[in-house]
Amino acid sequence: MLPPEAAGEQAGLRAWHFVQDWLSTAAGLVPRVSPKWQLSDYVRAAWVRLGPGRDSYRMAPGLYALGNPDQDSPVLVTCNFKLTFDTLRNKLAGRSCWLLVVETYGINVWCAAGKQSFSTEEVARRVRETGLDRVVSHHTLILPQLAGPSVAAYRLKKLCGFKGVFGPVRIEDLLEFLESGMQVSREMRLVRFPLPQRLEVALVEVYGVRRFLLGALLACFVLAALGPGGFTLTGIAGAGVGAFATVLTGFATGTFVVPALLARIPMRSFAAKGLLAGAVTAFLPAGLLAGTLVQAGAQILACSAFASWFAMNYTGSTPFTSLSGVDREMRLYMPVQGGLLLAAILIWLIGAWI
Amino acid sequence: MQEFRYLEESTLQYDPDKCIGCGNCLAVCPHQVFELGGAKAECRDRGACMECGACALNCPAGAIQVRQGVGCAEAVLYGWLAKVPVLRRVFSPDVCC
């Protein structure tokens, strides 16, 4: 065990576990961070990706050191979402650089740029506040490319004396960028959206939809009690479970199947992709749980509607949908989704009474 | 992005007459909508634009205009709901992600 001071503790303040020691600079002490992840970093990262931890994974903005940086070392600007910072320090293992963390309220670079919190003014403020001009002798900041929607690099020089240069989109390309004298290829400038990433960002929807699913579960049993359950407890339970399985299938289709097959489903709008995919996957609950052909028909309509809704919601997780496009497809498909769901419920209820 | 194409719907407006050829728009666009053709930028793939607004913000000549926004159904929906007087207290276009 290190004595508290050696582990970075000061009166009333304890350092993050990733702080190795403190570098003495002309602008004061700067925490030097380890590139290695500890068990708690992995656990918290999983918790964040699953949803519950993602709104509170925040670290203090300011200047950090990695390796043995000096006055000529590059300065990389990033957000204060700790998962991003952790990825950055890990991927830059072996390099010496300064990391300037700005306040984005624990939000990642791309979303913070969308919200305008990763702003030109915020970057300039952090540069001045940390006394960066006394730490390094050059006057260049390397900005994440995806901060572009909210950082006007050409205005930085006037605001804080440092000029901004946009690095690559991905942290993985940073090493090559630094080693090539800050050259960025066209490939490094393009966002990609490969399968693992498509599913990774879908995972968080499971947590996000928990209240909706609870409400849907209750609604299924209430509706089942109005006829389709045949007014017996086992009947109501069976019909309710069948209906809820349909909702779940629609959710899983819109949230996982459509993103997984994204470009392979021919239509451009996400809602249309969901309609088609949901009509196909509906055969799963319909085949397993439906009693009659009429019920199966209702399940296909409902599953299609829910899959369409959740696929449409996935637009926010992608890096290529425009506001104008999303606006148009919502106006077009929300009435369709509502109509299908209403028809499904009516068929289910009325079918039980005939 | 060539693999994924959306509805090719964008409010992007580019005025080549104002362009000074600095190349900032090429540096920030995640879909490489612009290319440098000689001394000026050329809008080569307008349909790939996702209206993130990075090019317009980083254009010192003011040659690019776009209605900046987030292509997220949830944000759009909350934006609509926030226009209803009573719901305004609960929903804001900014509550997601």
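Procedures and definitions
- Residues numbered from 1 in each chain as written.
- Chains lettered and ligands numbered in written order.
- Predicted model: local features only at pLDDT ≥ 70, side-chain atom pairs only at ≥ 80, totals over all residues.
- Heavy atoms only, no water.
- Helix = DSSP H or I, 4+ residues; strand = E, 2+ residues; numbered from the N terminus.
- Rg over C-alpha atoms; globule rule 2.2 N^0.38 Å.
- Buried < 20%, exposed > 50% of the residue type's maximum accessible area, 1.4 Å probe, protein only.
- Contact = heavy atoms within 4.5 Å.
- Areas by Shrake-Rupley, 256 points an atom, 1.4 Å probe, with all protein chains shown as cover.
- Lys, Arg positive; Asp, Glu negative; His and termini not counted.
- Charge placed at Lys NZ, Arg CZ, Asp CG, Glu CD.
- Buried area = accessible area lost by both parts, 1.4 Å probe.
- Salt bridge = Lys/Arg side-chain N within 4 Å of Asp/Glu carboxyl O.
- Polar contact = N/O pair within 3.5 Å; in protein donor to acceptor, adjacent residues only side chain to side chain.
- Core = buried A, V, L, I, M, F, W, Y, C linked by side-chain atoms within 4.5 Å.
- Expected span 1.5 Å × (residues − 1).
- Bend = angle between axes of the 7 residues up to and from the residue.

Participant: How should I be thinking about the overall build of chain A in this particular structure?
Facilitator: From N to C terminus, chain A includes 15 helices and seven strands. Its C-alpha atoms give chain A a radius of gyration of 26 Å, clearly above 20 Å, the size a compact globule of 354 residues would have. Reported as C-alpha extents along the three principal axes, the dimensions of chain A are approximately 85 × 45 × 30 Å. For chain A, with 354 residues in total, the buried portion stands at 51%. For chain A, long-range pairs separated by at least 24 residues make up 67% of all intrachain contacts whose partners lie at least 6 apart in sequence. Here chain A has roughly 16,400 Å² of accessible surface; of this, 63% comes from carbon and sulfur atoms.

Participant: Can you walk me through the overall build of chain B in this structure?
Facilitator: Scanning chain B for helices and strands turns up three helices and four strands. Reading the secondary structure of chain B in the N-to-C direction produces β-α-β-β-α-β-α. Against the compact-globule benchmark of 13 Å for 97 residues, chain B has a radius of gyration of 16 Å, which places it well outside the compact range. Seen through its C-alpha atoms, chain B measures out along the principal axes to roughly 55 × 30 × 20 Å. The buried share among the 97 residues of chain B stands at 47%. Counting contacts in chain B only where the partners sit at least 6 residues apart, residues at least 24 apart contribute 45% of the total. The positive charge centre, built from 9 side chains, and the negative charge centre, built from 11, are 9 Å apart in chain B.

Participant: Looking at this structure, I do not really get the interface of chain B and chain A. What am I missing?
Facilitator: Size of an interface, as often reported, equals the accessible area lost when the parts are brought together. Listed as interface residues are 42 residues of chain B and, on the opposing side, 48 residues of chain A. Both sides of the chain B and chain A interface together cover about 4,000 Å² of buried area, and 61% of this is carbon and sulfur. Where chain B touches chain A, the interface holds two salt bridges. On inspection of chain B and its partner chain A, the count reaches 20 residue pairs in polar contact (both at pLDDT 80 or more). Looking at the side of chain B that touches chain A, the elements that each hand over two or more residues are helix 1 (24–28), helix 2 (54–57) and helix 3 (73–81) of chain B. Per-element accounting of the side of chain B that touches chain A gives the leading share, five residues, to helix 3 of chain B.

Participant: What is the right way to look at the side chain of A:Ser322 in this model?
Facilitator: You can see A:Ser322 is positioned in the loop between helix 14 (293–313) and helix 15 (323–353). Here A:Ser322 falls in the buried class, since its relative accessible area comes to 2%. For A:Ser322, the residues in contact, after removing those within four places along its chain, are B:Tyr6, B:Glu9, B:Cys49, B:Met50, B:Glu51 and B:Gly71.

Participant: Can you walk me through the pattern of salt bridges in this structure?
Facilitator: Think of it this way: side chains of opposite charge can pair up when their charged atoms draw near. All told, the structure shown has 21 salt bridges over all chains when counted by the stated rule. The residue A:Glu122 makes a salt bridge to A:Arg125 at a minimum N-O spacing of 2.4 Å. Within this pair, A:Glu122 and its partner A:Arg125 are both found in helix 4 (residues 120–130), separated by three residues, close to a single helical turn. One salt bridge connects B:Asp45 with B:Arg5, and the closest N-O pair in it is separated by 2.9 Å. Taken together, the positions of B:Asp45 in the loop between strand 3 (40–43) and helix 2 and B:Arg5 in the segment before strand 1 (13–14) put the pair 40 residues apart, joining distant regions of the chain. Like B:Asp45, the residue B:Arg5 is buried in the burial classification.

Participant: How do you make sense of the nonpolar core when you look at a structure like this?
Facilitator: Across soluble globular proteins, nonpolar side chains have a tendency to be buried as a group. Counting 43 residues, the largest nonpolar core has A:Trp98, A:Phe118, A:Val123, A:Leu132 and A:Leu141 as the members making the most contacts within it. Within the second largest apolar cluster, 24 residues are counted, among which are A:Leu275, A:Ala277, A:Val326 and A:Tyr333.

Participant: Just to check I follow, could you spell out helix 11 (residues 233–261) of chain A for this structure?
Facilitator: Residue pairs spaced three or four apart in an α-helix point in one direction, given the helix's 3.6 residues per turn. Over its 29 residues, helix 11 of chain A extends 40 Å from the first C-alpha to the last, a length consistent with the 42 Å expected when each residue adds 1.5 Å. At A:Thr253, helix 11 of chain A is deflected by roughly 40°, the largest bend along its length.

Participant: Would you mind showing me how to read the environment of B:Cys59 here?
Facilitator: Position of B:Cys59 among the secondary structure elements: in the loop between helix 2 and strand 4 (64–65). For the pair formed by B:Cys59 and B:Arg44, sequence separation is 15 residues and the distance between their alpha carbons is 17 Å. The residues touching B:Cys59, leaving out its near neighbours within four places in the chain, are A:Tyr154 and B:Ile64.

Participant: What exactly am I supposed to notice about the environment of A:Val109 here?
Facilitator: Residues and elements named next belong to chain A. Tracing the sequence through the fold places Val109 in helix 3 (residues 109–114). With a relative accessible area of 11%, Val109 lands in the buried category. Between the C-alpha atoms of Val109 and Leu174, which are 65 residues apart in sequence, the distance is 15 Å. With sequence-adjacent residues up to four places away left out, Val109 is seen in contact with Thr78, Cys79, Phe118, Pro144, Leu146 and Ala147.

Everything listed here is a matter of geometry and, on its own, says nothing about what the molecule does.
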